[in-house]
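Next come the chains, spelled out residue by residue.
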Amino acid sequence: MMNKLIFFYGDRLGMTGSTDYVSEPSWEFYDLLKDPHEDHNAYSDPEYQAVIRKMKKEMMRLKAETGDTDPDSERMHGILAAQGLE
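Residues numbered from 1 in each chain as written. Predicted model: local features only at pLDDT ≥ 70, side-chain atom pairs only at ≥ 80, totals over all residues. Heavy atoms only, no water.

## With respect to the overall build of the protein chain
- Per the secondary structure count, the protein chain includes 2 helices and 2 strands.
- Secondary structure of the protein chain in N-to-C order comes out as β-β-α-α.
- Based on the C-alpha atoms only, the size of the protein chain along its principal axes is roughly 40 × 25 × 20 Å.
- Evaluated residue by residue, the protein chain yields a buried proportion of 27% over its 86 residues.
- Taking contacts inside the protein chain between residues at least 6 apart in sequence as the whole, the part at least 24 apart equals 45%.
- Accessible surface computed for the protein chain: about 6100 Å², of which carbon and sulfur atoms make up 54%.
- Here the protein chain carries 10 positive and 17 negative side-chain charges, and the mean point of each set is 5 Å from the other. (Helix = DSSP H or I, 4+ residues; strand = E, 2+ residues; numbered from the N terminus. Buried < 20%, exposed > 50% of the residue type's maximum accessible area, 1.4 Å probe, protein only. Contact = heavy atoms within 4.5 Å. Areas by Shrake-Rupley, 256 points an atom, 1.4 Å probe, with all protein chains shown as cover. Lys, Arg positive; Asp, Glu negative; His and termini not counted. Charge placed at Lys NZ, Arg CZ, Asp CG, Glu CD.)

## A look at the nonpolar core
- Counting residues in each nonpolar core, the largest one holds 13 residues, and the members touching the most others are Leu5, Trp27, Phe29, Tyr43, Ile52 and Leu80.
- Those elements that provide at least two residues to this core are strand 1 (3-8), strand 2 (26-31), helix 1 (49-65) and helix 2 (74-82).
- Here this core gets 3 residues from one element, more than from any other, and that element is helix 2.
- Setting aside its immediate chain neighbours within four residues, Leu5 contacts Trp27, Glu28, Phe29, Tyr43, Ile52, Met55 and Lys56. (Core = buried A, V, L, I, M, F, W, Y, C linked by side-chain atoms within 4.5 Å.)

## Looking at the pattern of salt bridges
- What the rule picks out here adds up to 5 salt bridges.
- Members of the salt-bridge network, linked through shared partners, are Glu58, Arg61 and Glu65. (Salt bridge = Lys/Arg side-chain N within 4 Å of Asp/Glu carboxyl O.)

## A short note on the environment of Tyr21
- For Tyr21, the location among the structural elements is in the loop between strand 1 and strand 2.
- Assessed through its relative accessible area of 61%, Tyr21 is described here as exposed.
- Between the alpha carbons of Tyr21 and Asp11 there is a distance of 7.0 Å; along the sequence they are 10 residues apart.

## A word on the packing of aromatic side chains
- Overall, the coordinates contain 4 aromatic pairs when judged by the stated rule.
- Measuring from centroid to centroid gives 5.0 Å for Phe7 and Tyr9, while their planes differ by 80°, and the two rings are edge-to-face.
- On the basis of relative accessible area, Tyr9 is assigned to the partly exposed category, the value being 27%.
- Measuring from centroid to centroid gives 4.9 Å for Phe29 and Tyr48, while their planes differ by 45°, and the two rings are tilted. Placement of Phe29 in strand 2 and of Tyr48 in the loop between strand 2 and helix 1 is noted, with a sequence separation of 19 residues between them. For the pair Phe29 and Tyr48, one class covers both residues: buried.
- By the ring-pair criterion, three or more aromatic residues cluster together here, those being Phe7, Tyr9, Trp27 and Tyr43. (Phe/Tyr/Trp six-rings, centres within 6.5 Å; stacked < 30°, edge-to-face > 60°.)

What follows is the structure in C-alpha cells.
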C-alpha cells in the first residue's frame, strides 16, 4: 500500500513566508496506487479509516522522535488537541 496523509494546520503559527489567513484545519488522504495523480481526497472514505488512524499515530510518533513538539505554541497544541492528536 502506498498512501499519503496531509494535515493542513490552517494557521501560519508564526512561520515566516506564510500567509496571515487562518482557516479550519483540514486533512487529505490519497491511495497513491489507485489515485497516483491525487485527484480524489479519500479522507472521509470508510475504507481507509483504519489506515488513516495508524498514519496519524505514526505522524505524532515521528513529531516526538524528531523533537517537533512546539513547546511554546499553545495555538498548535490546541489545533492538535481538537484533532484528537494530543
